[in-house]
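# Close look at the chain arrangement
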Amino acid sequence: GSHYFFKGLVDDEPYYYEQIGRFNSILIHFFSGHFGKIPPLWDRIVGDGWFIPAISLTLSPFYFFVQEPGQFRVILFLINLGLHLFILYKLARLFSLKTMLIFHFISLLFPVYPVFMGALVGEGLASRLALILLIRLYEINRNSELMSMRQAVSIGFLLVLMVYFR
């Protein structure tokens, strides 16, 4: 059989894939000065407001280089892998190499964790952002100091990203 990345789109993936092309069209119309063509595209993206296509917006700049769903899955996998490696780095720095390895091993035991790394849905990315948020809160709390405005903004930014990616 073919590899997961290059199989057909499933569940919500067709919607998110379709929105990548629409966001790309919006960018083209914006930079070419055809502003009147943007509202109909935007209305089709937002629709009834059920889905928040943050994954589509994130991947839309890559549409200039790739158009196949499997290629977008690979790009999303690489983004999620980068976040996973960042989490491993933070765990090793804050706790120990042993803690990092335990987390890495446990995350690989759950098939959903690596599979969602390449799915065209936002849950995988949002879960990694949630882990980064928890690590960030631990860092702030570890110093036993009041949260600075910069730290509060970074926490708020992570929360907003988690909501939009999920």
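Figured I'd write up the structure that's included with this text. (Residues numbered from 1 in each chain as written. Predicted model: local features only at pLDDT ≥ 70, side-chain atom pairs only at ≥ 80, totals over all residues. Heavy atoms only, no water.)

### Details of the overall build of the chain
In terms of regular secondary structure, the chain is built from eight helices and zero strands. For the chain, the spread of C-alpha atoms along the principal axes amounts to about 55 × 50 × 25 Å. In the chain, buried positions account for 36% of the 166 residues. When contacts within the chain are restricted to residue pairs at least 6 apart in sequence, long-range pairs at least 24 apart make up 69% of them. (Helix = DSSP H or I, 4+ residues; strand = E, 2+ residues; numbered from the N terminus. Buried < 20%, exposed > 50% of the residue type's maximum accessible area, 1.4 Å probe, protein only. Contact = heavy atoms within 4.5 Å.)

### With respect to the packing of aromatic side chains
Counted under the stated rule, the structure contains eight aromatic pairs. On the numbers, 6.4 Å between centres and 90 degrees between planes, the contact of Phe103 with Tyr113 is edge-to-face. With Phe103 in helix H5 (residues 97–109) and Tyr113 in helix H6 (residues 112–115), this pair connects stretches of sequence that are ten residues apart. For Tyr113, a relative accessible area of 14% puts it in the buried group. By way of ring pairs, the aromatic residues Tyr17, Tyr63 and Phe72 are connected into one cluster. We note Arg128 situated over the ring of Tyr113; from NZ or CZ to the ring centre the distance is 4.1 Å. (Phe/Tyr/Trp six-rings, centres within 6.5 Å; stacked < 30°, edge-to-face > 60°. Lys NZ or Arg CZ within 6 Å of the ring centre and 35° of its normal.)

### Here we look at a nonpolar patch on the surface
Together, Ile102, Phe105, Ile106, Leu109 and Phe110 make up a nonpolar patch on the protein surface, roughly 520 Å² of accessible area in all. You can see Ile106 is positioned in helix H5. (Patch = residues over 30% accessible without salt bridge, like charges linked within 9 Å, V, L, I, M, F, W, Y side chains within 5 Å. Areas by Shrake-Rupley, 256 points an atom, 1.4 Å probe, with all protein chains shown as cover. Salt bridge = Lys/Arg side-chain N within 4 Å of Asp/Glu carboxyl O.)

### Digging into helix H7 (residues 123–142)
Here H7 spans 28 Å end to end across 20 residues, near enough to the 28 Å set by a 1.5 Å rise per residue. Of all the positions in H7, only Gly124, Leu125, Ala126, Arg128, Leu129, Ile132, Leu133, Ile135, Glu139 and Ile140 are classed as buried. Elements that come into contact with the buried residues of H7 comprise helix H3 (54–59), helix H4 (69–94), H6 and helix H8 (149–165). Directly beyond the C-terminal end of H7, a positive phi value near 50 degrees is found at Ser144. (Expected span 1.5 Å × (residues − 1).)

### What to know about the side chain of Arg128
Along the chain, the position of Arg128 falls in helix H7. Among residues more than four places away in sequence, those in contact with Arg128 are Asn80, Leu83, His84, Ile87, Tyr113 and Met117.

### Some remarks on the packing of H7 against H8
The relative placement of two packed helices is expressed as an angle between their axes plus a distance between the axes. Running from N to C, H7 and H8 cross one another at 160 degrees; their axes reach a closest spacing of 8 Å. Judged by the angle between their axes, H7 and H8 are roughly antiparallel. Read as a crossing pair, H7 and H8 show a hand that is left-handed. Across the interface between the two elements, Glu123, Leu125, Ala126, Leu129, Ala130, Ile132, Leu133, Arg136, Leu137 and Ile140 from H7 touch Gln151, Ser154, Ile155, Leu158, Leu159, Leu161, Met162 and Phe165 from H8. (Axes fitted to C-alpha atoms, helices over the stretch in contact; angles between N-to-C directions. Parallel < 35°, antiparallel > 145°, perpendicular 65-115°, else oblique. Left-handed = near helix turned anticlockwise from the far one by under 90°.)

### Some words on the pattern of salt bridges
Taken as a whole, this structure holds five salt bridges when the rule is applied. Measuring nitrogen to oxygen at the nearest pair gives 2.4 Å for the salt bridge that ties Arg73 to Glu13. Here Arg73 is found in helix H4, whereas its partner Glu13 is found in helix H1 (residues 13–32), with 60 residues between them in sequence. Judged by relative accessible area, which is 1%, Arg73 ranks as buried. The partner of Arg136 in a salt bridge is Glu139, with the nearest N and O atoms 3.1 Å apart.

### Some details on the nonpolar core
Formed by 27 residues in total, the largest nonpolar core has its most connected members in Ile55, Leu59, Phe72, Ile87 and Phe165. Elements with a minimum of two residues in this core: H3, H4, H7 and H8. Looking at this core element by element, the count peaks at eight residues for H4. Not counting residues up to four positions away in its chain, the partners in contact with Ile87 are Phe103, Tyr113, Arg128, Leu131, Ile132 and Ile135. Ranked by size, the runner-up nonpolar core spans five residues in total, among them Phe23, Ile26, Ile38 and Ile45. (Core = buried A, V, L, I, M, F, W, Y, C linked by side-chain atoms within 4.5 Å.)

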